[in-house]
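# Tertiary structure, described
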Amino acid sequence: MALTVVSGTGREWRLTERIGSGSEGIVYGVDDARPLVAKLVPDPPAPAAYRRRIARLVRQRREPRTVRLLAGAPVRVAWPMVVVRTGGPGADGVDGYLMTDMRHAYQPFAHMLTPAARRVFLPGATWATTLGAARSLARLLADLHAEGYTVGDLKPDNLWVDERGGVGIADVDSWQFTDGGETFPGRMGTPGHTAPERIGAPRGTPPDGASDRFVLAVLVHQLLTDGLHPFAGHPADGRDYLSYDDNILHGRCRLLDRTSVVLPRSAPPADLLPRRLRDLFRAAFGGVRPPASAWAEALAAESAPGRLRTCAADARHVHTVERPWCPWCDLAETGRKHSRKAGPEGVGQHGGKAAGRDGGKAAGRDDGKAAGQDDGKDDPWQK
């Protein structure tokens, strides 16, 4: 029997394939002329509070601040459009909402993060494209903050990207926002994409703009360094590697202290990044975190005419003019040497197992794992 959902006015929609699932919800396709999906949350911590949260978000869709966020095409935010329920009004009913199917205009954000994924899904993408995606992400977050929203659980699994580097975001129901004087706190966090002050905090500790700004810097770094997490690496003091979060808590980051971690020769060099961006990273990870608008301005400046150079040996290799020679040719040569030493099993191990994933559940996910992403427990960069 086909699964159906019904709105408060009695309108029904038939659900089609199950697209993805995560820690809170399940996403289904919707049989409709418009590109829609349904997110159902079977067991929210406080069902009545969750229903009120979604109802407020649906209402806010018509407010000026949200209209501004949803302007333009393709739409950047998969905003809740209507509250729905399946299974009837009793205890067996499941609450959720309909939203835009981001697959209609985007691909999973993870497809932009690693060379292997880009070759398959975004073959025309260069470093200039990832620079554009970083700028688009920063601008999106700046716009969200300006309208009073805090993402809280900013991570690749909730983000989308197109072939031009445009970025969109989903899972609005986990954001922190206010409505009519009532605050609806953010409540989620993801290992490896959580600010240090929130790591280990009691569940439900609300996020703020500063925690979003920390994770924005992590994501920009990953975009510009072939997926390398800024806190990746084996502790240089001989301690065991535990996780990205452990490195974050102890400040182990080569941009802050190049002697704090050990990375393989196959890792992209730090001077791949322009000086202006390296300064912003150091501030984000060890000082006063720059606002998203500052990131957007700096990234736009680094994309300006004359700031990028195309390699004479390979037109797919684009890098900052501050770099006197092509870093991508250097990395390719390092990879070839590694492959010759390691034999067949060494081929393609530049990013560990993660480099070759195709997105998995992330293609239509709620909170599913994204290509090239893990919780840092098996750091591919420590080897």
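On a predicted model such as this, the values are computed, not experimentally measured, just so you know. (Residues numbered from 1 in each chain as written. Predicted model: local features only at pLDDT ≥ 70, side-chain atom pairs only at ≥ 80, totals over all residues. Heavy atoms only, no water.)

For arginine 53, the location among the structural elements is in helix α1 (residues 47-60). One buried charged side chain, arginine 53, makes no salt bridge at all; its nearest oppositely charged neighbour is aspartate 173, positioned 7.1 Å away. Among all residues touching arginine 53, those that are not within four sequence positions of it are Asp173, Ser174, Trp175, Phe177, Phe184, Pro185 and Arg187. (Helix = DSSP H or I, 4+ residues; strand = E, 2+ residues; numbered from the N terminus. Buried < 20%, exposed > 50% of the residue type's maximum accessible area, 1.4 Å probe, protein only. Lys, Arg positive; Asp, Glu negative; His and termini not counted. Salt bridge = Lys/Arg side-chain N within 4 Å of Asp/Glu carboxyl O. Contact = heavy atoms within 4.5 Å.)

This part takes up the pairing of strand β3 (residues 26-30). For β3, the tally of buried residues reaches five of five residues, placing the bulk of the element in the interior. Both strand β2 (residues 12-21) and β3 contribute to a ladder of four bridges, which runs antiparallel. Counted as the bridge partner of glycine 20 is valine 27 from β3. In this antiparallel pair of consecutive strands, β2 and β3, the connection spans four residues. Where β3 meets strand β4 (residues 36-41), four bridges bridge the pair, whose relative direction is antiparallel. By the bridge assignment, valine 27 is partnered in β4 with lysine 39. In this antiparallel pair of consecutive strands, β3 and β4, the connection spans five residues. (Pairing = 2+ DSSP bridges.)

The first and last C-alpha atoms of helix α7 (residues 275-286) sit 16 Å apart over 12 residues, in line with the 16 Å expected at 1.5 Å per residue. Within α7 the residues assigned to the buried category are Leu277, Arg278, Leu280, Phe281, Ala284 and Phe285. Taken down its axis, α7 places every buried residue within 160 degrees of arc, on the same side. In α7, the exposed positions angled more than 90 degrees off the buried face are occupied by Arg275 and Gly286. On its buried side, α7 packs onto α4 (127-146), α5 (209-224) and α8 (292-302). (Expected span 1.5 Å × (residues − 1). Arc of directions from axis to C-beta.)

Let us look at the confidence of the model for the protein. Segments scoring low in pLDDT should not have their predicted coordinates read at a detailed level. Looking at the protein, the pLDDT average stands at 86 and 85% of residues meet or exceed 70. When the criterion is pLDDT under 50, residues 342-383 qualifies, and its contacts beyond four places in sequence or with other chains add up to 127 contacts. (pLDDT = per-residue confidence, 0-100.)

One finds Phe285 and Trp295 to be the most contacted residues of the largest nonpolar core, which totals 77 residues. The leading source of residues in this core is α4, at 10 residues. When residues no more than four places from it in sequence are discounted, the contact partners of tryptophan 295 are Ala138, Leu216, Ala217, Val220, Leu277, Leu280, Phe281, Ala284 and Pro290. One finds Trp13, Leu15, Ala38 and Leu98 within the second-largest nonpolar core, a separate group that totals 13 residues. (Core = buried A, V, L, I, M, F, W, Y, C linked by side-chain atoms within 4.5 Å.)

Looking now at the pattern of salt bridges. On inspection of all chains with the given rule, the structure shows 31 salt bridges. Notably, a salt bridge pairs arginine 59 with aspartate 179, separated by 2.3 Å at the nearest N-O pair. Placement of arginine 59 in helix α1 and of aspartate 179 in strand β10 (residues 177-179) is noted, with a sequence separation of 120 residues between them. A residue is classified by how much of its surface remains accessible, and arginine 59, at 46% relative accessible area, is partly exposed. Residue classification places aspartate 179 among the buried positions, given a relative accessible area of 4%. One network of salt bridges, in which partners are shared, links Arg52, Arg56, Arg59, Asp179 and Glu182.

To continue, consider the sheet that holds β4. The sheet built from six strands closes into a barrel, its strands ordered β1-β2-β3-β4-β6-β5 with antiparallel pairing. Neighbour-to-neighbour, the strand axes of this sheet turn through a mean angle of 40 degrees, independent of strand direction. (Axes fitted to C-alpha atoms, helices over the stretch in contact; angles between N-to-C directions.)

What follows concerns unusual backbone geometry. Along the chain, alanine 73 connects to proline 74 via a cis peptide bond; the corresponding omega equals -5 degrees. One non-glycine residue, aspartate 226, lies in the positive phi region at around 55 degrees. Mapped onto the elements of the fold, aspartate 226 is located in the loop between α5 and β12 (234-235).

Residues in a regular strand project their side chains so that they alternate between the two faces of the sheet. Of the two faces of strand β1 (residues 4-7), only the one carrying Val5 and Ser7 is buried; Thr4 and Val6 on the other face are not. Sheet analysis places β1 next to β2, joined by three bridges and oriented antiparallel. Along β2, the bridge assignment pairs valine 5 with tryptophan 13. In this structure, the hairpin formed by β1 and β2 is closed by a connection of four residues, where glycine 10 is found at a positive phi of approximately 95 degrees.

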